[in-house]
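# Tertiary structure, described
Below are the chains, spelled out letter by letter.
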Amino acid sequence: PRQVSVMAEDLRAAVASQTKRLNSSGEVVERLEENGHQNKRLKSDAGEEDAEDQNKRSPKRKIVLLMAYSGKGYHGMQRNVGSSQFKTIEDDLVSALVQSGCIPENHGEDMKKMSFQRCARTDKGVSAAGQIVSLKVRLIDDILEKINSHLPSHIRILGLKRVTGGFNSKNKCDARTYSYMLPTFAFAHKDHDVQEEVYRLDKETLEKVNKLLACYKGTHNFHNFTSQKGPRDPSAKRYIMEMYCGEPFVRENIEFAVIKVKGQSFMMHQIRKMIGLVIAIVKGYAAESILERSWGEEKVDVPKAPGLGLVLERVHFEKYNRRFGNDGLHEPLEWTEEEEKIAVFKEQYIYPTIINTEREEKSMANWLNTLSIHDFNSSAVEVQANNKNAKNSSDLEGSDGCGDDSD
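Just so you know, the residues in each chain are numbered from 1, in the order the chain's sequence is written. In view of the model being predicted, local features appear only for residues whose pLDDT reaches at least 70, and side-chain atom pairs are presented and counted only at 80 or more, with totals across whole chains, interfaces and linings using the full set of residues. Neither water nor hydrogens contribute to the side-chain values; these are computed over all heavy atoms in the structure.

### Focus: the pairing of strand S9 (residues 254-263)
The cut-off we apply is this: Remark: exposure states derive from per-residue accessible area (1.4 Å probe, protein chains only) relative to the maximum for the residue type, with buried under 20%, exposed over 50%, and partly exposed in between. Secondary structure elements follow DSSP: runs of H or I of four or more residues count as helices, runs of E of two or more count as strands, with numbering from the N terminus. Any two strands are treated as partners once DSSP identifies two or more bridges connecting them.
Most of S9 sits inside the fold, with nine of its ten residues counted as buried. Pairing analysis gives five bridges linking strand S7 (residues 237-245) to S9, with the strands arranged antiparallel. If you follow isoleucine 240 over to S9, its bridge partner there is glycine 263. Summarising the sheet, strand S8 (residues 249-251) and S9 pair through three bridges and their orientation is antiparallel. From the neighbouring strand, phenylalanine 249 faces S9, where its bridge partner is phenylalanine 256. Counting the residues in the hairpin turn of S8 and S9 gives two residues, including glutamate 252, whose phi is positive at 50°.

See the structure below:
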């Protein structure tokens, strides 16, 4: 018996060492793929793959999909598995991937199985014109047409590119550009301008708006522009590359303007609060000095503009493109050929939704009425008490962007 147990022990040790070797060589394959070399991945789990999988001759490949969607009626981008009452964009996307035959059904239930990663987790109601997701799929024929045929018309896959095996759309993204479309009466001065839709933005006011938006450029401590971050939390420091408001334009008798902001990453509600504070200053509710104050350690009451006008415009992969974009195996993650499709989608689905919802629900007009309640000069203690009351009634949402805390 002792001899049998020794043999069994030896066999266990041999199996363990073989498994370890397989795992470590699997990591080597992953690293080689990351460096842009094509490799055959070790199929250590081949036995687990179901028969349906074996029958499909299309190999699984790591790709990115360029997505556009109108976020109205959705609770953001990210899927909440097991929570069917809050519908998300990813619920519809995963369902379309399964129905088109790109992924097996069990990958839809456990998204890790297809190495799924979104670039930005957009908020409830927020739209996107250039969202990117990375995942492993079977490269079936006419893949984009097939996926789109199972999606509602307000969600479209506009492009697809092959990427390195270790690519992760969130970690490899080095900047994000958002736009925020708002009716210009948001900038009408509370004391001496008409507050309705007949308001038209003059040159001086637009210059003032842009002067204030430019103050955000550079690295600042944005702890006052999000919840759950203290002034000494290093992750509250964020780098903003550019922020400006474009020329106004009229749609359905309402004048609108679009603010663009490009930053490395954004925290929960950060963009909406950055815009909210500038509106409060331009309308005459807060002094300009509040901007400088808000980056200090003191707690400042910063109002949060409505989510309706926010759109994820594009995500940037500059470092990845420099490293792999011209290696002969991979394309740079740039979408010049898709620009026209993006513009058409925005005109068809994103802008009309923002305009019509603004007309029907008056989200900006109603929010502007709450600015007078904010105390822009109060002490930290008072603000914390106010925030506590506000928090109890506020809706919980995801993040405006996709920093370290948005996923």
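What follows continues from the structure just given.
### Description of the packing of aromatic side chains
To keep it simple, the criterion reads: In this scheme Phe, Tyr and Trp rings, the latter by its six-membered ring, pair at centre separations within 6.5 Å, and the angle between planes marks the pair as stacked below 30 degrees, edge-to-face above 60, and tilted otherwise.
Under the defined criterion, the tally for this structure stands at nine aromatic pairs. For the pair phenylalanine 167 and phenylalanine 317, a centre-to-centre distance of 5.6 Å together with 50° between the ring planes defines the contact as tilted. Of this pair, phenylalanine 167 sits in the loop between strand S4 (155-162) and strand S5 (175-183) while phenylalanine 317 sits in the loop between strand S10 (310-316) and helix H9 (318-324), and the two are 150 residues apart along the sequence. Accessibility expressed as a relative area gives 2% for phenylalanine 167, which makes it buried. With relative accessibility at 2%, the residue phenylalanine 317 sits in the buried group.

### Points about the nonpolar core
Note the cut-off: To qualify as a nonpolar core, a set must consist of buried Ala, Val, Leu, Ile, Met, Phe, Trp, Tyr and Cys residues joined through side-chain atoms within 4.5 Å. Here the limits of each domain have been adopted from an automatic or database domain assignment. By the convention used here, residues are in contact when the closest approach between their heavy atoms is within 4.5 Å.
Within the largest apolar cluster, 104 residues are counted, with the highest numbers of intra-cluster contacts made by Tyr216 and Ile279. Two domains share this core, each providing at least three of its residues, namely domain 1 (60-171) and domain 2 (175-317 + 336-379). The contacts of isoleucine 279, once residues within four sequence positions are left out, are Leu182, Ala186, Phe187, Met364, Trp367, Leu368 and Leu371.

### Quick notes on the UniProt feature "binding site: substrate" (unreviewed entry) in the protein chain
Selection criterion: UniProt positions are given in the numbering used here, feature names are shortened, and annotations may be inferred rather than shown by experiment.
Summarizing the sequence annotation, UniProt attributes the feature "binding site: substrate" (unreviewed entry) to Tyr178 in the numbering used throughout. Along the chain, tyrosine 178 falls in strand S5.

### Here's the deal with the pattern of salt bridges
Basically, it comes down to this: The rule for a salt bridge is simple: a side-chain nitrogen of Lys or Arg has to be within 4 Å of a carboxyl oxygen of Asp or Glu.
Taken as a whole, this structure holds 17 salt bridges when the rule is applied. Its salt-bridge partner being arginine 314, residue glutamate 339 comes within 2.5 Å of it at the nearest N-O pair. Residue glutamate 339 is found in helix H10 (residues 339-361), and its partner arginine 314 is found in strand S10; the two are separated by 25 residues along the sequence.

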